[in-house]
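Listed below, chain by chain, are the residues.
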Amino acid sequence: LFDYGGWLAGPIKRDKLWWSTSFHHSQILQYLVGSYNPDGTSVPDDNMLWNFSNKLSWQVSPNSQLSHFYILQYKKNGHRGSTTQFVETGATVANTKYPQLHQVKWTSTRSSGMVYDVSGSLNRVDDYQPWPTEGDSANCKSAVNRDGCFNGLIAGQDVGTNTLLRILPTYRDLPNTRLFAQGSMSYFLSAHDIKAGYQIDYAWNEVLYFSSSGMRANYRNGVPEQVNTYNTPARSIPENIQQGLYIQDKWRPG
């Protein structure tokens, strides 16, 4: 287990510009109970996560402030295995994620009872789930460029021992992007508060499936039984858009 981090913040220019940053790293290595390779070695479950964030705030005028916030995360599970089956090391997923977020916000007070607020954000994530290096066929491990050298390596499953063999039948990549923007105006009276605004949320993501061979051989206690075939590569791009226009009134009865 490893866990460490740091944080630093302070004014760049007094009463005008502020800055803060932070970093955090954690790591864990363990082994999956009951999962072994043909040579008797244990299947690892290694995880790493680090976060980096940065924020800059600018007091544009006595009545308005502009800020930018950014966070980047890197997460990796080198051998992500099934939670219901035993696995060989190659029949796992080398899952990596790269979420990052940009957010800009502007706030302004026009009087003692009126506030404007405008913000927007861009969120991007790549959830990449390829095979681990242990899924290489014997003639690929020494290759300088391993791209495409997995073609022909057939996945396996033994239903008698409930074990996934060699490599998984399919893998995937899930890059997605989300844009969000909103603006609002708040007006404060002695008896009630009025707020009106607009929001828009637009997101799209790709779903990419790929395979080493497009097949999986099924066994029962080591005896060949049947073969599954998969329609890969496959790709889809679902999209989603939501908009909202609202006005609300909050009353204080006493």
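For the structure given in this document, a descriptive report is provided here. Quick caveat: nothing in here was measured; it's all calculated off a predicted structure. (Residues numbered from 1 in each chain as written. Predicted model: local features only at pLDDT ≥ 70, side-chain atom pairs only at ≥ 80, totals over all residues. Heavy atoms only, no water.)

**Brief notes about the overall build of the chain**
Thought 1: Looking only at helices and strands, the chain has 0 helices and 17 strands in total.
Thought 2: What you see for the chain is a C-alpha radius of gyration of 26 Å, clearly larger than the 18 Å of a compact globule of 254 residues, by over 25%.
Thought 3: Taken over the C-alpha atoms alone, the chain extends approximately 80 × 40 × 40 Å along its principal axes.
Thought 4: Taken over 254 residues, the chain has a buried fraction of 31%. (Helix = DSSP H or I, 4+ residues; strand = E, 2+ residues; numbered from the N terminus. Rg over C-alpha atoms; globule rule 2.2 N^0.38 Å. Buried < 20%, exposed > 50% of the residue type's maximum accessible area, 1.4 Å probe, protein only.)

**Examining the sheet that holds strand β10 (residues 163-165)**
Thought 1: Strand order in the open sheet made by the 5 strands is β5-β10-β9-β14-β15, with mixed pairing throughout. At either margin of the open sheet sits one strand with a lone partner, and together these are β5 (86-87) and β15 (223-229).
Thought 2: When β5 meets β10, the two strands line up parallel, connected through 2 bridges. In the strand pairing of β10, Val87 is matched with Leu164. (Pairing = 2+ DSSP bridges.)

**Describing the environment of Trp106**
Thought 1: Tracing the sequence through the fold places Trp106 in strand β7 (residues 100-111).
Thought 2: Separated by 11 residues in sequence, Trp106 and Asp117 have C-alpha atoms that sit 5.9 Å apart.
Thought 3: The contacts of Trp106, once residues within four sequence positions are left out, are Ser64, Gln65, Leu66, Tyr116, Asp117 and Val118. (Contact = heavy atoms within 4.5 Å.)

**What to know about the pattern of salt bridges**
Thought 1: Within this structure, the stated rule accounts for 6 salt bridges.
Thought 2: Put simply, Lys105 and Asp117 hold a salt bridge, and the shortest N to O gap is 3.8 Å. Placement of Lys105 in strand β7 and of Asp117 in strand β8 (residues 114-129) is noted, with a sequence separation of 12 residues between them.
Thought 3: Residue classification places Lys105 among the partly exposed residues on the basis of a relative accessible area of 36%.
Thought 4: Owing to a relative accessible area of 14%, Asp117 belongs among the buried residues under this scheme.
Thought 5: In this structure, Asp193 and Arg252 form a salt bridge, with 3.1 Å as the shortest nitrogen-oxygen distance. Placement of Asp193 in strand β12 (residues 192-205) and of Arg252 in the segment after β17 (239-251) is noted, with a sequence separation of 59 residues between them.
Thought 6: Its relative accessible area of 13% is what places Asp193 among the buried residues. (Salt bridge = Lys/Arg side-chain N within 4 Å of Asp/Glu carboxyl O.)

**Topic: the pairing of β7**
Thought 1: Sheet topology note: the strand β4 (residues 64-80)/β7 ladder contains 9 bridges and is antiparallel. Opposite Leu72, over in β7, you have Gln100 as the bridge partner.
Thought 2: Direction of pairing for β7 relative to β8: antiparallel, over a ladder of 11 bridges. Looking at β8, one finds that Val104 is bridged to Gly120.
Thought 3: Hairpin geometry of β7 and β8 is characterised by an intervening segment of 2 residues between the two adjacent antiparallel strands.

**So, the environment of Phe52**
Thought 1: Assignment of secondary structure puts Phe52 in strand β3 (residues 42-61).
Thought 2: The class of Phe52 is partly exposed, set by a relative accessible area of 30%.
Thought 3: Remark: the alpha-carbon pair of Phe52 and Gly244, spanning 192 residues in sequence, is separated by 32 Å.
Thought 4: The residues contacting Phe52, other than those within four sequence positions of it, are Thr21, Ser22, Phe23, Tyr70, Ile71 and Leu72.

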